[in-house]
Amino acid sequence: EDQVTQSPEALRLQEGESSSLNCSYTVSGLRGLFWYRQDPGKGPEFLFTLYSAGEEKEKERLKATLTKKESFLHITAPKPEDSATYLCAVSSGTYKYIFGTGTRLKVLA
Amino acid sequence: DTAVSQTPKYLVTQMGNDKSIKCEQNLGHDTMYWYKQDSKKFLKIMFSYNNKELIINETVPNRFSPKSPDKAHLNLHINSLELGDSAVYFCASSQVGTSGPYQETQYFGPGTRLLVL
């Protein structure tokens, strides 16, 4: 059965304290791995799509990487405005995403 | 311009009532989805529609009936609402590519918060 597990469930960082979020997956035939950011009371906001092992993508303080079993979302020198829930999803076949339960990130000033 | 919009944003209703949620996307995508997010923030797919055709129905009770009048709209009608239907419902859309790299990135609406009393 396809599965996505995110860790940690929650993470508190001081402003400027870099860290990584993990997304482990078990899927038959990965078509894509997706990272989203979700703020309270809002819909998931697209961040990155990764298609193959070894691929990396960056956006401001965020960098996503992909291996054959997991993906990392690295946050460099985070700011309080980076506080949100970060969701990982995989696509194993057209039309279907499987989401992880997310990592709640809190960055303290 | 809002890419994926949903109405209403909030919906409070009594058990047993029938309600509808509307979704529209202006991205020109050919595939639309409904997801349910529970109190633990877990997002689970309910339905997928491609070019107005139902593709995925993830063992959702038949009290839930999606309707897609055209590629830009996917509405969700819920009959005989139950307490357990309380959740946030998200609509999403994507353009499903036929050649690589797969352009399956899904874009989400703001959500409809349903509370059944």
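Note: the structure precedes this text.
Just so you know, these numbers come straight off a predicted model, no measurement behind them.

On to the overall build of chain A, then. What chain A contains, in helices and strands, is 0 helices and 11 strands. The secondary structure elements of chain A, listed N-terminal to C-terminal, are β-β-β-β-β-β-β-β-β-β-β. A compact globule built from 109 residues should have a C-alpha radius of gyration of about 13 Å, and chain A, at 13 Å, falls within 12% of that. For chain A, the spread of C-alpha atoms along the three principal axes comes to 40 × 30 × 20 Å. With 109 residues in all, chain A has 48% of them scored as buried. Pairs at least 24 apart in sequence give 54% of the contacts found in chain A among residues at least 6 apart. Distance from the positive charge centre (14 side chains) to the negative charge centre (14 side chains) of chain A: 2 Å.

The next thing to look at is the interface of chain A and chain B. Contacts between chain A and chain B engage 21 residues on the former and 25 residues on the latter. Interface area for chain A against chain B, summed over the two sides, is near 1900 Å², with a carbon-plus-sulfur share of 58%. Linking chain A with chain B are 0 salt bridges. Across the contact surface, chain A and chain B share 5 residue pairs in polar contact (both at pLDDT 80 or more). For the side of chain A that touches chain B, the secondary-structure elements that each account for two or more residues are strand S4 (32-38), strand S5 (45-50), strand S9 (84-93) and strand S10 (96-99) of chain A. Taken together, the residues of the side of chain A that touches chain B sort by class into 9 nonpolar, 9 polar and 3 charged.

Conventions and cut-offs
- Every chain is numbered on its own, with residues counted from 1 as its sequence reads.
- Just so you know, chain letters begin at A and ligand numbers begin at 1, following the order they were written in.
- Whole-chain, interface and lining totals are the exception, using all residues; otherwise, since this is a predicted model, local features are given only for residues with pLDDT of at least 70 and side-chain atom pairs are given and counted only at 80 or more.
- In computing side-chain properties, one takes all heavy atoms of the structure into account and sets aside hydrogens as well as water.
- Secondary structure elements follow DSSP: runs of H or I no shorter than four residues count as helices, runs of E no shorter than two count as strands, and numbering proceeds from the N terminus.
- Restricting the calculation to C-alpha atoms gives the radius of gyration, and the globule rule supplies 2.2 Å times the number of residues raised to the power 0.38.
- Categorising residues by exposure relies on relative accessible area from a 1.4 Å probe, with only protein chains included: less than 20% of the type maximum marks a residue as buried, more than 50% marks it as exposed, and the intermediate range marks it as partly exposed.
- Contact definition: two residues touch when any of their heavy atoms are within 4.5 Å.
- A positive count includes Lys and Arg, and a negative count includes Asp and Glu. His and the chain ends are not counted in either.
- Charged groups are reduced to one reference atom each: NZ for lysine, CZ for arginine, CG for aspartic acid, CD for glutamic acid.
- Throughout, the accessible surface (probe 1.4 Å) given up by two parts as they are put together, summed over both, is called the buried area.
- We define a salt bridge as a side-chain nitrogen of Lys or Arg found within 4 Å of a carboxyl oxygen belonging to Asp or Glu.
- A 3.5 Å cut-off defines polar contacts: any pair of N or O atoms within that distance qualifies, except that in protein one atom must be a possible hydrogen donor and the other a possible acceptor, and neighbouring residues in sequence count only when both atoms are side-chain atoms.
- Note on residue classes: Ala, Val, Leu, Ile, Met, Phe, Trp, Tyr, Cys and Pro are nonpolar, Asp, Glu, Lys and Arg are charged, and everything else, Gly too, is polar.

That is the geometry; function is a separate question.
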